[in-house]
Amino acid sequence: TDTPPDAINGISPPIARMQQHLNSFFASALLLLFATSDTSGAARLPFTLGVRDSLMIAHSFHNHPSFGPAGGMHGATYTCDVEFCSSNLVEGTNWVIDIGKASDILSAVLSEYNLKNLDEVFPNGEMTTTEFMCKIIHDGVAARIREEVADFRGEIRVKLWESHKAWASYVGEV
């Protein structure tokens, strides 16, 4: 034949190589998309209302060597963001949750820890990491939501900021 041996379907070799690279790129992109997608079946909740507060605590990590100098007693000032996420708005008000009620609940939960030594609040040697405190705050907010807000359905996301560079978070359903 008159077709060069490295040509594919009559396409010049440089174009053929570019097509092979593009095919490889798109296959990698699809693999990455499926590898990072949520396979739990949980639907994304499109409506979110967020509130913010802060708290100051003292705590230690009981001189555990993994924490280095932070293993001893030290203080922290956290910014706490809580997001209330729902698939629908409440009929009649078109809100996720009353923002004033959400702020009051967050403030009440944080008051249990604000200006306290967490080593005394959790006296059984718990490592009161930022991640641990996210779950504790989430559980406190969720309990109050169940008691005080009959019409909220969805998830609560708690994010504790240690600084503008570092944070931890916890998400759970209500």
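Quick caveat: nothing in here was measured; it's all calculated off a predicted structure. (Residues numbered from 1 in each chain as written. Predicted model: local features only at pLDDT ≥ 70, side-chain atom pairs only at ≥ 80, totals over all residues. Heavy atoms only, no water.)

Secondary structure summary: the chain contains four helices and five strands in total. Taken from N to C terminus, the helices and strands of the chain fall in the order α-β-β-α-β-α-α-β-β. When burial is assessed residue by residue, the chain has 30% of its 174 residues classed as buried. Residue pairs at least 24 apart in sequence account for 66% of intrachain contacts in the chain once pairs closer than 6 positions are excluded. (Helix = DSSP H or I, 4+ residues; strand = E, 2+ residues; numbered from the N terminus. Buried < 20%, exposed > 50% of the residue type's maximum accessible area, 1.4 Å probe, protein only. Contact = heavy atoms within 4.5 Å.)

A few words now on the sheet that holds strand β4 (residues 155–161). Strand order across the open sheet formed by five strands is β3-β1-β2-β4-β5, with mixed pairing between neighbours. The open sheet terminates on both sides in strands that have one partner only, identified here as β3 (116–117) and β5 (167–173). Two strands pair when backbone bridges link them, and strand β2 (residues 74–86) and β4 are joined in this way by seven bridges, in the antiparallel orientation. What sits directly across from Glu83, in β4, is Arg157. Across the sheet, helix α2 (residues 99–111) lies against β1 (47–59), β2 and β3, angled at about 20° from β1, the strand it touches most. (Pairing = 2+ DSSP bridges. Axes fitted to C-alpha atoms, helices over the stretch in contact; angles between N-to-C directions.)

In this section: the pairing of β5. Where β4 meets β5, seven bridges bridge the pair, whose relative direction is antiparallel. Among the inter-strand pairings, Ile156 is bridged to a residue of β5, identified as Gly172. The hairpin formed by β4 and β5 contains five residues between the paired strands.

Applying the stated criterion across every chain, the model contains five aromatic pairs. Judged by centre distance (6.0 Å) and plane angle (10°), the rings of Tyr113 and Phe122 are stacked. Here Phe122 and Phe132 contribute two aromatic rings whose centre-to-centre distance is 5.3 Å and whose plane-to-plane angle is 80°, an arrangement assigned as edge-to-face. Placement of the pair is Phe122 in the loop between α3 (118–121) and α4 (130–148) and Phe132 in helix α4, with a sequence separation of 10 residues. Under the relative-accessibility criterion, Phe122 is labelled buried at 12%. Among the aromatic side chains, those forming a connected cluster through ring pairs are Tyr113, Phe122 and Phe132. (Phe/Tyr/Trp six-rings, centres within 6.5 Å; stacked < 30°, edge-to-face > 60°.)

Turning next to α4. Taking 1.5 Å per residue as the helical rise, α4 with its 19 residues ought to reach 27 Å, and the 27 Å between its terminal C-alpha atoms agrees with that figure. For α4, every residue scored as buried is listed here: Thr130, Met133, Cys134, Ile137, His138, Val141, Ala142 and Ile145. For α4, the angular spread of the buried residues around the axis is 170°, confining them to a single face. Residues of α4 that are exposed and point more than 90 degrees away from the buried face comprise Arg146 and Glu147. Tucked inside the fold, the buried residues of α4 contact β2, α2, α3, β4 and β5. (Expected span 1.5 Å × (residues − 1). Arc of directions from axis to C-beta.)

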